[in-house]
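Coordinates in review
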Amino acid sequence: MGFFTDTSVCIGCKACQVACKEWNLVPPEDDAPDLLGLSYDNTGALGANTWRHVAFIEQQVAPERPPVELGMPTIGAPEQPAGDGEPGVRWLMSSDVCKHCTHAACLDVCPTGSLFRTEFGTVVVQQDICNGCGYCVPACPYGVIETRKGDGRAFKCTLCYDRLGAGKEPACAQACPTDSIQFGVLEELRERADRRMEELHGRGAPEARLYGRDPTDGVGGDGAFFLLLDEPEVYGLPPDPVVTTCDLPSMWRYAAVAALGVAASVALSFVGRRR
């Protein structure tokens, strides 16, 4: 199971942020929410106390480019047309979340088994056995996981594991008024996303692309993937994420060879002394 987030119909209402906090009892940010000087974004990034983050990106649009109708169900295309030779403006809004990677480095480095793969294919932290080592924080290629100040344990989106067990969809998806956040079986979501991307290309938005949809990418595909209207970097996403533990097998092999070499040297030294 997973998320498909269609950013072309996100209106930036932040209902997903509120629903996530309310259902999961996520505490307020460490500092009082305030405008960061980055448009209407008052959280800035994902973190231990922000499991859903709505990004707001304001872009200028070339005067000669006509507004593109993206099929927004409530407010129309997110573009203001240019006038008198002045550039137009468009908003790119996207609700970011933990990607629930197929090959999750956080699982590889967790020494206590606090992080585990659920029966739904999602990645969850069990806070009752998290020892706060923080190994998962640098292991995440997306910078999603964070340890909570004053607590020390790691926190992130669980894809509402408790709701899934009760046959319900995650709180953020249920609260989204435009179906920008869609929940379901990953294969079905990927097919739906392919159709939506083709539709947007036909509407005159050739820049529309899917991010995290490919099961052959550096993390084996994401359990939460996105349709974007610009480069991933514009949304604060890494362009080519790779599971950070991909070199662990070879590293262990080299370490084993080195250890055997040391052991052999010690043994030979001991034998030489006896003679």
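On a predicted model such as this, the values are computed, not experimentally measured, just so you know.

The two faces of strand β9 (residues 181-184) match: I181 and F183 on one face and Q182 and G184 on the other face are all buried. Here strand β1 (residues 2-6) runs beside β9; their pairing, made up of four bridges, is antiparallel. The partner of G2 across the bridge, within β9, is G184.

Once that is clear, we can look at the pattern of salt bridges. This model, assessed by the stated rule, comprises eight salt bridges. The residue R190 makes a salt bridge to E187 at a minimum N-O spacing of 2.8 Å. With R190 and E187 both in helix α6 (residues 186-202) and three residues apart, this pair spans about one turn of that helix. Judged by relative accessible area, which is 48%, E187 ranks as partly exposed. Between R196 and E199 there is a salt bridge; the shortest N-O distance is 3.2 Å. Placement of both R196 and E199 in helix α6 is noted, with a separation of three residues, approximately one turn of the helix. The exposure class of E199 is partly exposed, given its relative accessible area of 34%.

Moving on to the packing of aromatic side chains. The full count for this structure, using the stated rule, is five aromatic pairs. For the pair F116 and Y161, a centre-to-centre distance of 5.9 Å together with 70 degrees between the ring planes defines the contact as edge-to-face. You can see F116 sitting in strand β5 (residues 115-117) and its partner Y161 sitting in helix α4 (residues 161-165), a full 45 residues away along the chain. With relative accessibility at 27%, the residue Y161 sits in the partly exposed group. Aromatic pair F120 and Y161: ring centres 6.1 Å apart, planes at 75 degrees, arrangement edge-to-face. Here the residue F120 occupies a position in the loop between β5 and β6 (123-125), and Y161 occupies one in helix α4, the gap between them amounting to 41 residues. Using a relative accessible area of 21% as the deciding quantity, one classes F120 as partly exposed. A cation over a ring is seen here: R163 above W23, with NZ or CZ 4.5 Å from the ring centre.

Turning to the pairing of β1, a few remarks are in order. Counted residue by residue, β1 has five buried out of five residues, so it is predominantly covered. Residue alternation in β1 divides its side chains into two sets, G2, F4 and D6 and F3 and T5, and both sets are buried. Taken together, the four bridges between β1 and strand β11 (residues 224-228) define a ladder with parallel strand orientation. If you follow D6 over to β11, its bridge partner there is L227.

Within the open sheet, the four strands sit side by side as β9-β1-β11-β10. Their pairing is mixed. Edge positions in the open sheet fall to β9 and β10 (209-211), since each of these has one partner strand only. Sheet twist, expressed as the mean angle between neighbouring strand axes with direction ignored, is 20 degrees. Across three bridges, the pairing between β10 and β11 is antiparallel. Opposite R209, over in β11, you have L228 as the bridge partner. Contacting β1, β9, β10 and β11, α6 crosses the sheet at an angle of about 5 degrees to β11.

Here the focus is the side chain of T158. Within the element layout of this structure, T158 appears in the loop between β8 (154-155) and α4. Contact partners of T158, with chain neighbours within four places excluded, come to N24, W51, H100, T122 and V124.

With that settled, the discussion passes to the confidence of the model for the protein chain. On average, residues of the protein chain score 83 in pLDDT, and 76% of them reach the 70 mark or higher. Ranking the elements of the protein chain by mean pLDDT puts strand β3 (residues 79-80) last, at 54, and β9 first, at 96. Predicted confidence is poor over residues 73-78, with pLDDT under 50, and the contacts of this stretch with residues over four places away or in other chains come to 14 contacts.

Reading guide: rules and limits
Residues numbered from 1 in each chain as written. Predicted model: local features only at pLDDT ≥ 70, side-chain atom pairs only at ≥ 80, totals over all residues. Heavy atoms only, no water. Buried < 20%, exposed > 50% of the residue type's maximum accessible area, 1.4 Å probe, protein only. Helix = DSSP H or I, 4+ residues; strand = E, 2+ residues; numbered from the N terminus. Pairing = 2+ DSSP bridges. Salt bridge = Lys/Arg side-chain N within 4 Å of Asp/Glu carboxyl O. Phe/Tyr/Trp six-rings, centres within 6.5 Å; stacked < 30°, edge-to-face > 60°. Lys NZ or Arg CZ within 6 Å of the ring centre and 35° of its normal. Axes fitted to C-alpha atoms, helices over the stretch in contact; angles between N-to-C directions. Contact = heavy atoms within 4.5 Å. pLDDT = per-residue confidence, 0-100.

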